[in-house]
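What follows is the residue order along each chain.
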Amino acid sequence: LGFLYWHQERYEDAIKANESALKINREQNDLEEAVSVLVNLGMVMRNWGDLDRALAYLKEAEESNKALGSPMHQGYILTIASNVYRDQGDVEKALQYYQQVHEINVQTRRLHTRTFSLKVVANLCWESGKIEECLRYCDDLVVLTRNLHIKSEIAQALSIYGLRLMMLSRFDAALPRLLEAADLFADHLYT
């Protein structure tokens, strides 16, 4: 119910449903489900605009997850917290959290999820003025997507990298990446 209410933007109802679920999880000593519900409450609070309460729920989820030791839960918690910090305008803190998410993806060998975390980290580096670091992450993204052999992902990685280079007026470096991305996108659309 909490999930449905959240997507209907009925935040007060979503909070009540999730808090009821959390109470049941705690009564049954179901720590894994409690962590999931705490993350859900963090997301609801973020969407509702109560960023401080969102962080409080996420910190509680992180503390509870220490007993579980679940990298998947930890990555999810850090992802939502990163988004909250970004919403607060703290791009540096958002970057620190998302770099941790990326490290979890590396350690757990979640290759496809790593493509997403690399994109976010590259963008956060760009936003925080860490241009060369952003370009290194873009390069890592291209290498990773080539290893995955998914044409649409390779094309997207190349276009992200090419556009960043173009924004820096590094046209000679941008052009081959953008042309390859265009060819891959066209090939992907017609195959």
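Numbers given for residues are sequential positions, taken from 1 along each chain in its written order. Selection of residues for local features in this predicted model requires a pLDDT of at least 70, selection of side-chain atom pairs for listing and counting requires 80 or more, and totals for whole chains, interfaces and linings are taken over all residues. To get the side-chain values, all heavy atoms of the structure are used, and hydrogens and water are removed first.

(A) Here's a closer look at the packing of aromatic side chains. Centres within 6.5 Å are what make two rings of Phe, Tyr or Trp a pair, Trp counting through its six-membered ring; a difference in plane orientation under 30 degrees is then read as stacked, over 60 as edge-to-face, and the rest as tilted. Counted by the stated rule, this structure contains 3 aromatic pairs. Ring centres of Tyr85 and Tyr97 lie 5.1 Å apart, and the angle between their planes is 55 degrees; this geometry places the pair in the tilted category. You can see Tyr85 sitting in helix α5 (residues 71-87) and its partner Tyr97 sitting in helix α6 (residues 91-107), a full 12 residues away along the chain. The burial state of Tyr85 is the same as that of Tyr97; both residues are buried. A ring is scored as having a charge over it whenever the NZ atom of a lysine or the CZ atom of an arginine sits within 6 Å of its centre and within 35 degrees of its normal. The ring centre of Tyr161 lies 4.3 Å from the NZ or CZ of Arg177, which sits over that ring. Helical segments are the DSSP runs of H or I of at least four residues, strand segments are the runs of E of at least two, and each set is numbered from the N terminus. Buried, partly exposed and exposed residues are distinguished by accessible area as a fraction of the type maximum, computed with a 1.4 Å probe on protein chains only: under 20%, between the cut-offs, and over 50%, respectively.

(B) Representation of the pattern of salt bridges. One side-chain nitrogen of Lys or Arg within 4 Å of one carboxyl oxygen of Asp or Glu is enough to make a salt bridge. Here the structure, examined in full by the defined rule, presents 11 salt bridges. Between Glu127 and Arg86 there is a salt bridge whose closest N-O contact spans 2.0 Å. Of the two residues, Glu127 is situated in helix α7 (residues 111-127) and Arg86 in helix α5; the sequence distance between them amounts to 41 residues. Of the charged contacts, one joins Glu153 and Lys119 as a salt bridge, the two residues approaching to 3.3 Å between their closest N and O atoms. Of this pair, Glu153 sits in helix α9 (residues 151-167) while Lys119 sits in helix α7, placing them 34 residues apart in sequence. Grouping residues by exposure puts Glu153 and Lys119 together as buried.

(C) Local environment of the packing of helix α8 (residues 131-148) against α9. Axis lines are fitted through C-alpha atoms, for helices just across the contact stretch, and the angle between N-to-C directions can take any value from 0 to 180 degrees. For the pair α8 and α9, interaxial distance at closest approach is 8 Å and the crossing angle is 160 degrees. What the angle tells us is that α8 and α9 run roughly antiparallel. Crossing of α8 against α9: the hand is left-handed. Within the contact between the two elements, α8 uses Cys134, Leu135, Cys138, Asp139, Leu141, Val142, Thr145 and Arg146 and α9 uses Glu153, Ile154, Ala157, Leu158, Ile160, Tyr161, Arg164 and Leu165. Nonpolar residues are Ala, Val, Leu, Ile, Met, Phe, Trp, Tyr, Cys and Pro. Charged residues are Asp, Glu, Lys and Arg, and all others, Gly as well, are polar. Each residue belonging to the contact of α8 with α9 can be placed in one class, and the counts come to 11 nonpolar, 1 polar and 4 charged. Oblique is the label for any angle not covered by the other classes, which are roughly parallel (under 35 degrees), roughly antiparallel (over 145) and roughly perpendicular (65 to 115). By the definition used in this description, the sense in which the near helix is turned from the far one sets the handedness, with an anticlockwise turn below a right angle giving left-handed and a clockwise turn giving right-handed. Only heavy atoms enter the contact rule, under which two residues are in contact if any of them lie within 4.5 Å.

(D) Here's a closer look at the side chain of Ser64. With respect to the helices and strands, Ser64 occurs in helix α4 (residues 51-68). On the basis of relative accessible area, Ser64 is assigned to the buried category, the value being 18%. The contact partners of Ser64, leaving out residues within four places of it in the chain, are Leu31, Val35 and Leu38.

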